[in-house]
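# An overview of the molecular structure
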Amino acid sequence: MIIECKVKSIQPLASHTYQILLQPDRPISFNAGQYLMVMMGENDKRPFSIASSPCRHEGELELHIGAAEHNAYAQEVVHSMQQALEDGRQILIDAPHGNADYKENSLNPLLLIAGGTGFSYVRSILDHCIAKNKMIPIYVYWGARDESQLYARIELEALADKYKNIHFIPVVEQASSGWQGKVGNVLQAIDQDFKSLADFDIYIAGRFDMAGAAREQFTQYKEASRERMFSDAYAFI
């Protein structure tokens with residue numbers, strides 16, 4: 001569905017990472033974990049996960065876009081959004097998309113894995129589970145280059161303190177001297193923490209190579225079910 005949206009706000013979340021709030025001109029029905037396409041041209045649609053929860057978004061759509069200098073694909077979208085905000089111009093999106101959405105009827109524990117701004121996908125599912133009072137065990141692993149990129153770390157630590165079933169494990173590649181968490185690769189951290197993933201539904205967002213490596217490693221060595229591993233990347237790899 002092609003929808004016009006007003007750009008409500010653009011706020012920095014971390015270095016080269018932005019929160020963008022869109023207000024569609026009509027209500028959009030979507031599932032936790034789905035994505036939208038920003039229409040940059042007739043044949044140029046660029047996908048971004050919806051960070052909002054479908055039951056608590058109040059009509060807004062929230063995006064988290066990482067637009068580092070080397071990433072022209074995302075940079076151009078942020079620039080277009082900034083121009084639309086300044087000019088009061090509408091932007092076009094195509095939504096919703098994606099089959100890696102949260103499977104509501106499952107009672108299995110959740111393993112939510114994010115790399116970088118793939119956290120937006122995880123956030124939608126996590127917030128939806130909280131809103132629906134899901135009491136299943138939920139493990140959130142978020143990998144980033146360094147702790148400055150863990151822009152929702154305080155929020156997630158607060159949720160883990162509040163809800164006994166939520167466990168947040170941040171993993172950084174480059175640690176400062178005061179870092180108390182895990183260091184290295186997020187998939188390696190999961191490999192070390194779990195003997196088996198046989199009981200889990202696993203949701204992954206990040207680079208395609210990370211999603212592919214997770215499926216290979218976890219099905220071969222951690223008893224994960226291929227049918228219960230979900231990522232938009234799996235439609236392409």
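Read on for an overview of the structure. This one's a predicted model, so the numbers in the text were calculated from it and none came from an experiment.

## Focus: helix 4 (residues 186-193)
Every buried residue belonging to helix 4 is among V186, L187, A189 and I190, and all of these are buried. Buried residues of helix 4 fall within an arc of 155° about the axis and therefore sit on the same side. Taken together, the buried residues of helix 4 touch strand 7 (110-115), strand 8 (138-144), strand 9 (166-172), strand 10 (182-183) and helix 5 (208-221). Sitting at the head of helix 4, N185 places a side-chain oxygen 2.7 Å from the backbone nitrogen of L187.

## What to know about the environment of Q19
Tracing the sequence through the fold places Q19 in strand 2 (residues 17-24). Spatially, the C-alpha atom of Q19 lies 9.3 Å from that of A51, the residues being 32 residues apart in sequence. Excluding its chain neighbours within four sequence positions, the residues that come into contact with Q19 are S9, I10, Q11, L13, E62, L63 and H64. A distance of 3.1 Å separates polar atoms of two side chains, one belonging to Q19 and the other to E62.

## Here we look at the packing of aromatic side chains
Under the defined criterion, the tally for this structure stands at ten aromatic pairs. A ring pair is formed by Y102 and Y203, whose centres lie 6.1 Å apart and whose planes are at 55°; its orientation type is tilted. Here Y102 is found in the loop between strand 6 (90-97) and strand 7, whereas its partner Y203 is found in strand 11 (residues 201-205), with 101 residues between them in sequence. In this pair, the class of Y102 matches that of Y203, namely buried. The structure contains a cluster of three or more aromatic residues connected by ring pairs, namely Y139, Y141, F194 and F200. For R46, the ring lying beneath its charged end belongs to Y73, and the centroid distance is 4.8 Å. In this structure, R215 packs its charged tip against the face of Y234, placed 4.1 Å from the ring centre.

The rules behind these values
- Residues numbered from 1 in each chain as written.
- Predicted model: local features only at pLDDT ≥ 70, side-chain atom pairs only at ≥ 80, totals over all residues.
- Heavy atoms only, no water.
- Buried < 20%, exposed > 50% of the residue type's maximum accessible area, 1.4 Å probe, protein only.
- Helix = DSSP H or I, 4+ residues; strand = E, 2+ residues; numbered from the N terminus.
- Arc of directions from axis to C-beta.
- Contact = heavy atoms within 4.5 Å.
- Polar contact = N/O pair within 3.5 Å; in protein donor to acceptor, adjacent residues only side chain to side chain.
- Phe/Tyr/Trp six-rings, centres within 6.5 Å; stacked < 30°, edge-to-face > 60°.
- Lys NZ or Arg CZ within 6 Å of the ring centre and 35° of its normal.

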